[in-house]
Amino acid sequence: MVNKMKKIIALIFFVMIVFTLASCGEPADGDGTDMQWDPKTADTVNLAELPKGAQMIPFEQFKKGFAFVSNTNWAEPPATYEEVAQAFGEEGLYYEKCDVIDDGITYKTYAWFSDEEWLDSTVSVAVSFKVDKETGKLIYYSYVSQGIDYTEV
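A few points on the structure. Quantities reported herein were computed from a predicted structural model and do not represent experimental measurements.

Rules and cut-offs
- Residue indices begin from 1 for each chain and proceed along its sequence in written order.
- A pLDDT threshold of at least 70 governs which residues receive local features in this predicted model, and a stricter bar of 80 or more applies before side-chain atom pairs are shown or counted, although totals over entire chains, interfaces and linings include all residues.
- To obtain the side-chain values, all non-hydrogen atoms of the structure were included, while hydrogens and water were left out.
- In DSSP terms, a helix is any run of H or I states spanning at least four residues, a strand is any run of E spanning at least two, and both are numbered starting from the N terminus.
- Here, two residues are considered to be in contact whenever any of their heavy atoms come within 4.5 Å of each other.
- Each accessible area is a Shrake-Rupley estimate made with a 1.4 Å probe; only the visible protein chains count as cover when residues are assessed.
- For helices, the fitted axis covers only the stretch in contact; all axes are lines through C-alpha atoms, and the angles between them, taken along N-to-C directions, range from 0 to 180 degrees.
- For classification, angles of less than 35 degrees are called roughly parallel, those exceeding 145 degrees roughly antiparallel, those between 65 and 115 degrees roughly perpendicular, and all remaining angles oblique.
- Each residue is assigned to one class: nonpolar for Ala, Val, Leu, Ile, Met, Phe, Trp, Tyr, Cys and Pro, charged for Asp, Glu, Lys and Arg, and polar for all the others, Gly among them.
- Here, nonpolar core refers to any group of buried Ala, Val, Leu, Ile, Met, Phe, Trp, Tyr and Cys residues whose side-chain atoms link them within 4.5 Å.
- When a residue's accessible area, from a 1.4 Å probe over protein chains only, is under 20% of the maximum for its type it is buried; when over 50% it is exposed; and in between it is partly exposed.
- Paired rings are identified among Phe, Tyr and Trp, the last through its six-membered ring, by centres lying within 6.5 Å, and are further divided according to the angle between planes into stacked (under 30 degrees), edge-to-face (over 60) and tilted (the rest).

Examining the overall build of the protein chain
Right, on to step 1. A tally of regular secondary structure across the protein chain gives 3 helices and 5 strands.
Right, on to step 2. From first element to last, N terminus to C terminus, the protein chain shows the α and β order α-β-α-α-β-β-β-β.
Right, on to step 3. Relative to all contacts within the protein chain whose residues are 6 or more apart in sequence, the contacts with residues 24 or more apart total 58%.
Right, on to step 4. Surface exposure of the protein chain reaches about 9000 Å², of which carbon and sulfur atoms provide 54%.

Observations regarding the packing of helix H2 (residues 59–72) against helix H3 (residues 81–88)
Right, on to step 1. One can describe the packing of H2 onto H3 by two numbers: an axis separation of 7 Å at closest approach and a directional angle of 150°. Comparing the axis directions of H2 and H3 gives the class roughly antiparallel. Together, Gln61, Phe62, Lys64, Gly65, Phe66, Phe68 and Val69 of H2 and Glu83, Val84, Gln86, Ala87 and Phe88 of H3 make up the contact between the two elements.
Right, on to step 2. Class assignment of the residues belonging to the contact of H2 with H3 gives a composition of 7 nonpolar, 3 polar and 2 charged.

Focus on the nonpolar core
Right, on to step 1. Counting residues in hydrophobic clusters, the biggest one holds 21 residues, and the most contacted among them are Phe62, Phe88, Trp112, Val125, Val127 and Phe129.
Right, on to step 2. Sorting the residues of this core by element identifies H2, H3, strand E3 (105–118), strand E4 (121–131) and strand E5 (138–146) as the ones contributing at least two each.
Right, on to step 3. Counting residues per element, this core draws most heavily on E4, which supplies 5 residues.
Right, on to step 4. With residues near it in sequence (within four places) discarded, Phe129 still touches Thr80, Tyr81, Val84, Thr106, Tyr107, Lys108, Tyr110, Trp112, Leu138, Ile139, Tyr140 and Tyr141.

Digging into the packing of aromatic side chains
Right, on to step 1. This structure, assessed with the given rule, holds 9 aromatic pairs.
Right, on to step 2. Pairing Phe66 with Tyr143 gives two aromatic rings, centres 5.4 Å apart and planes at 90°, and the pair type is edge-to-face. Remark: Tyr143 occurs in strand E5 and Phe66 occurs in helix H2; sequence separation between them is 77 residues. Tyr143 matches Phe66 in its accessibility class, with the two residues each being buried.
Right, on to step 3. Where Tyr81 meets Phe129, the ring centres are 5.6 Å apart and the plane angle is 75°; that geometry is what we call edge-to-face. Here Tyr81 is found in helix H3, whereas its partner Phe129 is found in strand E4, with 48 residues between them in sequence.
Right, on to step 4. Assessed through its relative accessible area of 7%, Tyr81 is described here as buried.
Right, on to step 5. Among the aromatic residues, those joined into a cluster by ring pairs are Phe62, Tyr81, Phe88, Tyr94, Tyr110, Trp112 and Phe129.

Written as structure tokens, this is what we have:
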């Protein structure tokens, strides 16, 4: 019963993050245009394609990072960006055009990519962090993945 509830909660988080990431465009080294978020015209993070500047993480290390991220949903206190990056062993690729401000809270998105392939695309994860108003730290909010899920780690 508990596992079934976790799966339902994970599905709800997945749907929420898909809508959150719908506001995303190019990674920070993109064309440099300033795009305001508009749900009617928003681009999405395409986790299937490896963006320019992305680091490929060996699959075994990627699995360790993904295990940390997928277990962070229920962790207290929540993880910081630094802890997530340490778990992957690499800095994440920052998607500048994914910055969203909602109810005075800023959310930022980073992605990690594995050297493993899945259906002719990358195994990858995009993680959204909210910016703590007092400290400026990036605090884990949610994730969406491709080619891997929490039952595989």
